[in-house]
Amino acid sequence: MSLLAALPMAALTLDRDLSIRSASQVFLDLLGYKEEDILGRHFDCLVLAHQARALGELLESSERFSIQLDLSFISTRGGSLPASVAISKISQLDTRAQGQLAVILERLDREHALQQILRIDEALSLAKIANWELQLDSDRILAPQDWLELLGIGAESELTLGRALKCIHPQDRNLVASTFKRARSTGESFRIRFRFLNASGEVRWAECAGRRYPDGSGLAGRMCGALLDITDRRLAEQALARYADIVSATPDRIAFVDRGSRIQAANDAFLQALGRASEDTIGLELIQVLDESPLASLLYRNLGTCFDEGRSIIEDVREPSESDEERQLEVRLFPHRDEQGRVTGVVINARDVTEIREAEQRLLQSAAVYAATSEGVLITDASGSIVRANAAFTQITGYSEAEILGQKPSLLDAQWHRPSFFFGIWRRLLRLGSWKGDLWNRRKDGEVYRQRLIIRRVDDRHGKLLNFVGVFAERATSPETPQTAEHLIHYDSLTKLPNRLLFESRLEHGLELGDRKDSPLAVFILDLDHFSHINFSLGHHIGDDLLRNTAIKLRDAIRPADTLARLRADQFAFLFEDIGDVEEAREIAQRLQEAMRAPIWVRNHLLHVNVSIGIALSTGLGDDRSSMMTKAESALRQVKRQGRNAFQISMAKPDAAQAEHRRVLALLRSGLSRGDLKLLYRPGVNLQSDACDYVEAIVHWEQQELGRVSSERVTTLADEIGLAAEIGDWALETSCTQLAHWLSQGISLPSQGIKICEGQLTHGDLVRKLAGILADKPIIASRLVLEFSESLLIKHREQITEVLRGINELGVGIMLSEVGVGWTAPALLQRLPVKALKIHPNFVAALPDSAHELAVVEVLIAMAQSLGLDIRADGVRTKEQQYQLMNLGCGHAQGELFSEPLTAAQLQSWLNPQSKKPQAPQPRTS
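Residues numbered from 1 in each chain as written. Predicted model: local features only at pLDDT ≥ 70, side-chain atom pairs only at ≥ 80, totals over all residues. Heavy atoms only, no water.

Caption draft 1: Broad picture of the confidence of the model for the protein chain. Chain-level pLDDT for the protein chain is 79 on average; 80% of the residues reach the 70-or-more range. Mean pLDDT across the elements of the protein chain ranges from a minimum in helix H5 (residues 110–126), with 50, to a maximum in strand S37 (residues 892–894), with 94. In the predicted structure, residues 109–118 sits below a pLDDT of 50 and forms 12 contacts with residues beyond four places in sequence or in another chain. Overall, residues 915–926 carries pLDDT values under 50, and its contacts beyond four positions in sequence, including any with other chains, amount to 38 contacts. (pLDDT = per-residue confidence, 0-100. Helix = DSSP H or I, 4+ residues; strand = E, 2+ residues; numbered from the N terminus. Contact = heavy atoms within 4.5 Å.)

Caption draft 2: Examining the nonpolar core more closely. Ile780, Leu786, Phe788, Ile807, Leu837, Ile839 and Leu885 are the most contacted members of the largest nonpolar core, which totals 72 residues. It is helix H24 (residues 724–744) that provides the largest number of residues to this core, a total of 8 residues. Beyond its immediate sequence surroundings of up to four residues, Phe788 is in contact with Ile756, Leu761, Leu766, Ile800, Val803, Leu804, Ile807, Ile814, Met815, Leu816 and Ser817. Of all hydrophobic cores here, the second largest spans 34 residues; its members include Leu528, Ala551, Leu554 and Val602. (Core = buried A, V, L, I, M, F, W, Y, C linked by side-chain atoms within 4.5 Å. Buried < 20%, exposed > 50% of the residue type's maximum accessible area, 1.4 Å probe, protein only.)

Caption draft 3: Fine view of the pairing of strand S9 (residues 190–197). As paired elements, S9 and strand S10 (residues 203–212) share 8 bridges and run antiparallel to each other. The residue bridging Leu197 from the neighbouring strand is Val203, located in S10. Count of turn residues in the S9/S10 antiparallel hairpin: 5 residues, of which Gly201 carries a positive phi of about 85 degrees. (Pairing = 2+ DSSP bridges.)

Caption draft 4: Broad picture of the packing of aromatic side chains. Evaluation of the coordinates by the stated rule reveals 8 aromatic pairs. Centroid distance Trp132 to Phe180: 5.6 Å. Interplanar angle 40 degrees. Geometry classified as tilted. Residue Trp132 is located in strand S6 (residues 129–135), and its partner Phe180 is located in helix H8 (residues 170–186); the two are separated by 48 residues in the primary sequence. Looking at Trp132, the relative accessible area reads 8%, which means it is buried. Summarising the aromatic geometry, the rings of Phe574 and Phe576 are spaced 5.7 Å apart at their centres and angled 5 degrees between planes, so their arrangement reads as stacked. (Phe/Tyr/Trp six-rings, centres within 6.5 Å; stacked < 30°, edge-to-face > 60°.)

Caption draft 5: Representation of unusual backbone geometry in the model. Backbone geometry places Ala569, a non-glycine residue, at a positive phi of 40 degrees. Along the polypeptide, Ala569 turns up in the loop between strand S23 (563–568) and strand S24 (571–577). Of note, Arg644 is a non-glycine position whose phi angle comes to about 70 degrees, a positive value.

Caption draft 6: Geometry of the sheet that holds strand S8 (residues 159–160). Spatially, S8-S7-S6-S11-S10-S9 is the arrangement adopted by the 6 strands of the open sheet, whose pairing is antiparallel. Only two strands of the sheet have a single partner each, and these edge strands are S8 and S9. In terms of strand pairing, S6 meets strand S7 (residues 140–142) through 3 bridges, oriented antiparallel. Bridge pairing in S7 places Leu134 opposite Ile141. Across the sheet, H8 lies against S6, S9, S10 and strand S11 (222–229), angled at about 145 degrees from S9, the strand it touches most. (Axes fitted to C-alpha atoms, helices over the stretch in contact; angles between N-to-C directions.)

Caption draft 7: Region of the structure containing helix H20 (residues 582–597). With 16 residues, H20 extends 23 Å from end C-alpha to end C-alpha; this agrees with the ideal 22 Å at 1.5 Å per step. Buried residues of H20: Ala585, Ile588, Ala589, Leu592, Gln593 and Met596, and no others. Angular distribution of buried residues about the axis of H20 spans 135 degrees; they occupy a single face of the element. Buried residues in H20 make contact with strand S22 (521–528), helix H19 (540–556), S24, strand S25 (600–602), strand S27 (611–617) and strand S28 (647–650). (Expected span 1.5 Å × (residues − 1). Arc of directions from axis to C-beta.)

Caption draft 8: Main features of the sheet that holds S22. Here 5 strands make up an open sheet; going across it, the order is S23-S24-S22-S27-S28 and the pairing mixed. Sheet topology places S23 and S28 at the edges, where each strand pairs with a single neighbour. Strand-to-strand twist across the sheet, computed as the mean angle between neighbouring axes with direction ignored, equals 20 degrees. Contacts between H19 and the sheet are confined to S22, S23 and S24, with S24 contributing the most and set at about 15 degrees to the helix.

Caption draft 9: Region of interest: the environment of Ile779. Within the secondary structure layout, Ile779 lies in the loop between helix H26 (766–776) and strand S33 (784–789). What makes Ile779 partly exposed here is its relative accessible area of 45%. The spacing of Ile779 and His741 is 38 residues in sequence and 9.9 Å in space, taken between C-alpha atoms. Once residues lying within four places of it in the same chain are set aside, the contact partners of Ile779 are Ala740 and Leu743.

Caption draft 10: Quick look at the environment of Ile698. Of note, Ile698 is situated in strand S30 (residues 692–703). By relative accessible area, which is 18% here, Ile698 ends up buried. Along the backbone, Ile698 and Gly728 are 30 residues apart, and their C-alpha atoms lie at a distance of 10.0 Å. Residues contacting Ile698, with those up to four places away along its chain left out, are Lys678, Leu679, Leu680, Arg682 and Pro901.

Spelled out as structure tokens, the structure:
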């Protein structure tokens, strides 16, 4: 141990240029420094600058000396520490330090001073108070470490005035800067309140007082003061002010009386009813301010019961008004208890309920008519949710009132009318207030029936929409009307064709029937060649119309008994039963190609479309649904590899189809090891400003043989081979690395999200891995958002709750995505640290035509607003959808309308308003 370290007193040595060479541990503990904080720095970092210059003059002498001086040392805890010091010129004090001056603090009770400082620091910290000192020549601020950490400043960093001002709320920054400037120049003391941002970006309130030391003092050139965190006090003041405003604004008469029946508080309505001012009422007994009236009699009769028994009382009383008409008051008396549970007073609340009681009587009369009528009556609230139904409704539809409460009337929809029909109904209701006509609905048992319906909107006296009331009677149906209706879940909303779910169900049934009858069948999968080019160049509205026209053409080209379905995007599927041979399948494929060769007019655009077709024929050797679909998809990929605009018939055996599927899984496994997987980024925007406010990272796999594989397909395949968690972890780390790079480059990116798969959640170490990433990249924590599918919340509620809390403690945002399908309870959302919801794209895709999906979106937005959560719509493709979402109160969205998924470089250019937005990479399979 060195000689200096062994000294039982505060001491340090200085070089010839007054650089600090060493310091004893006693000195470091006394002033709160660490050794690395001061070694190598100039002595004036510890004392006033002019005191340091005086020591420099002593070094000019070549003789040894020892003198006594009074110096003030700067403490890291705020303020300064006066001390008498002995300064000696030496050649060597410590064998490892080439010192020139030895500074030893004398006449200072170190233990007493240190304990005093620690006691003061502890008391100030508990009270959320900090002493501070500003060095005017360097703008350096000395403050306690806990306050520096609150502002996000580490122990190794210095706090300057400029850096402190950046932590002030932008709206208060000029006030603080001008106050310090004025105090610096005039020496006047000051006291101000302002907001500041802590390390996590939270807004807090502080009160600061201070002054500049006088020029004649030993601490001239410095400002000092105290800083107090008043956030809790400010919130309490604001809450009290709000409560006072609420009580004052209510039309109810409200007063508080103590056990002596003296009025201690009263609102404006109570004073106006008495005809007295506040100063003439407060402190007086009730008997002194209340005339003989029914209200006075009620109070005198019941106050004693409230005080003695401690129970509330509610009674109605009639009171004459100035117009000689009786008004009905509902008077409520509430006992007020202290912390020991003793009744110390009574709150009086008198409310005028004349109109309410009259309305109740009218409602009782209407209820009798409502229950007795033979016509069905359905009442919804303003958002379209069912709130009442009468007995006749149950008799006609088969649904009890309990089954439909909270549902939408679309529950009865027979899918017989086009969306535009219902749009016209709502438009007329909103414009004229009523609609009358015939429509087809569905009973609970699936029977479709015709009804005569009258709908009226009900407004309050201010014209605000309250309810819709529908009255209907059943009408006779024609023999041609179908008696059953397919469920909406089995049909594609755009083309009205069967979807994949219904197609595969029919395929499975067809295979079973074909085995019994020894009758083969064929599956055709048809793709529109280069459909994405039409979508990208002409817009999604043109693409949607093209798909509708294509569905009609294809439907006309096959037999009524054949099945045509839309699987996804521009991909259709056919199921042909009783296929004779390969030649018949070839003739059907040629007929489909011929039907599609004719140009299609879409909104004044003449479009020529070619198709690629993959065909699978059943072999009768144990074919199943999966193998048939796999064979057809394999044949379609072969057509695309050979140049498109053709068809291919697969005659492979079932085991060959399974082998093809295993080959795809092997390609994914090898693609991950070779680095074939990439990340693309989907921008999200603020709908009001169109500015980018969110970016979602998605997994992108484009394989030479398979073409582009969707992110959802990659997840499904990865689940089969146990790579879902590994791919998810790779995507998380890669996206975090990219985000850190962007932020370090100064690129403005409010937040970036990445979806977490089920494998990452159930693996159990997601929080630990995330903590490790943030340890290396702490800059990204406040900008990173993890997305969890609503289905995961429903499936793994207990596990995901623990994971979400751990993520929240790391300061990372949490978004619940694909919301709407599972209908997560609002009460559950309130208990979780979820900050935002993302609406499932299926609901957005159906806007603006589908009343059912519109109702779901409305409810989700209203729920998010009531819970204080951000709401984002996914899958926006048209301006009409954007405008409708804005009108419903949704402020954020993402989808193809704003941008296709972009590479990191493309997104960086897209974010730059000076550059032209780049085109997204085009898929290789369409």
